Amino acid sequence: MAPRHRARRRRSTRPIAAGLVVALLAVSGVAAYALSRDPSADRTAARESEPTTTPCTNTLQVVTATSFAPVLAELAPTLAAAGDDCVSLQVDVRDGRTAPQLVAETSAHLWIPDDGSWTETARDLDLAEEGGGAGTVIATSPLYMVAGKAAAKKIADAGGTWEALAKLAANDVTLVVREPNGSGDGLIGLGSVAEAVWVKDGMNPSAAALADAHSTAETVAEHALPSNENEVGVVPEYVLLRLLENPNREIAAGVRNA
């Protein structure tokens, strides 16, 4: 079973210029939140202050999650070479709970986090109203259990479900998740364990299961691959695809970066 990241939307006051946002949303992913700052003022200032040889004076300040930064890097040359409609991307990378602070510090036009849940920590940000791409989920990445041999057998014997993992995580297997304060992978990974209990038994047992799982889980800086037979990692699909393309175990172990 593969639960997906979920996004929540928040209201705010004014939309970003729609054309700039749509240029990004047409080819990119995760959840994008436009901010109320109007980039037209930046264009005027850039035209007045920069040399006439600058190929593109329309600047879009973006804060994005690490997992999405490569997409923007690939997209940037095409946008910068689009003639009168060109956009020069200025990208800052920040994950998790600290991202809203960077968005505020840089007065960013666009924020692309790795999960819409982070907008709950961004209460002081002036997000644009829905429309023109603001708050749109533009990609999802299913989460999978990646288990060591012994852990996989225990989960299979218990039913092979997220509820089974929730019951086993406190005592019988070690749950490995990416740091939940710094990534949607970890935040939603732990949330999936708790939600499985919530659906069957209700809120209070779910809270207890989440507390037990979190207290015994191993949190890692990067993607949560298991390192021994009794561990179960919660890993997004895009990471698994990358590892399948390069199955060298030493390189795969480096992805974990505990």
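Since this is a predicted model, take the numbers as computed values, not measurements.

Analysis parameters
- Residues numbered from 1 in each chain as written.
- Predicted model: local features only at pLDDT ≥ 70, side-chain atom pairs only at ≥ 80, totals over all residues.
- Heavy atoms only, no water.
- Salt bridge = Lys/Arg side-chain N within 4 Å of Asp/Glu carboxyl O.
- Helix = DSSP H or I, 4+ residues; strand = E, 2+ residues; numbered from the N terminus.
- Buried < 20%, exposed > 50% of the residue type's maximum accessible area, 1.4 Å probe, protein only.
- Core = buried A, V, L, I, M, F, W, Y, C linked by side-chain atoms within 4.5 Å.
- Contact = heavy atoms within 4.5 Å.
- Pairing = 2+ DSSP bridges.
- Axes fitted to C-alpha atoms, helices over the stretch in contact; angles between N-to-C directions.
- Disulfide = S-S within 2.5 Å.

(A) Examining the pattern of salt bridges more closely. With the rule as written, the count across this model stands at 6 salt bridges. When the shortest N-O distance is used, the salt bridge between Asp157 and Lys153 registers 2.8 Å. Of the two residues, Asp157 and Lys153 both sit in helix 5 (residues 149-157), 4 residues apart, roughly one turn of that helix. The burial state of Asp157 is the same as that of Lys153; both residues are exposed. The shortest N-O distance in the salt bridge between Glu163 and Lys200 comes to 4.0 Å. Here the residue Glu163 occupies a position in helix 6 (residues 162-169), and Lys200 occupies one in helix 7 (residues 184-201), the gap between them amounting to 37 residues.

(B) Structural view of the nonpolar core. Membership of the largest hydrophobic core comes to 21 residues, with the highest contact counts inside it found for Trp162, Leu165, Val173, Leu175, Val193, Val232 and Val234. Among the elements of the structure, helix 5, helix 6, strand 7 (174-178), helix 7, helix 8 (203-216) and strand 9 (231-236) are those that each provide at least two residues to this core. Leave out the neighbours within four places in its chain, and Val232 touches Met145, Val146, Ala147, Ala151, Ile155, Leu165, Val173, Thr174, Leu175 and Val176.

(C) Seen up close, the sheet that holds strand 9. Taken in spatial order, the 4 strands line up as 6-9-7-8 in an open sheet, and their pairing is mixed. Strand pairing shows two members of the sheet lacking a second neighbour, strand 6 (143-147) and strand 8 (218-220), which therefore form its edges. Sheet twist, expressed as the mean angle between neighbouring strand axes with direction ignored, is 25°. Sheet topology places strand 6 next to strand 9; 5 bridges connect them, and they run antiparallel. Pairing of Val146 across the sheet is with Gly233, part of strand 9.

(D) Quick peek at the state of the cysteines. Within this structure, the stated rule accounts for 1 disulfide. Cys56 shares a disulfide with Cys86; S-S distance 2.2 Å. Across the disulfide from Cys56 to Cys86, rotation about the S-S bond amounts to roughly 100°, and the bridge is consequently right-handed. Pair noted here: Cys56 is in the loop between helix 2 (40-49) and strand 2 (59-64) and Cys86 is in the loop between helix 3 (69-80) and strand 3 (88-93), with a separation of 30 residues, a long-range link. Take Cys56 and Cys86: they sit in the same class, and that class is buried.

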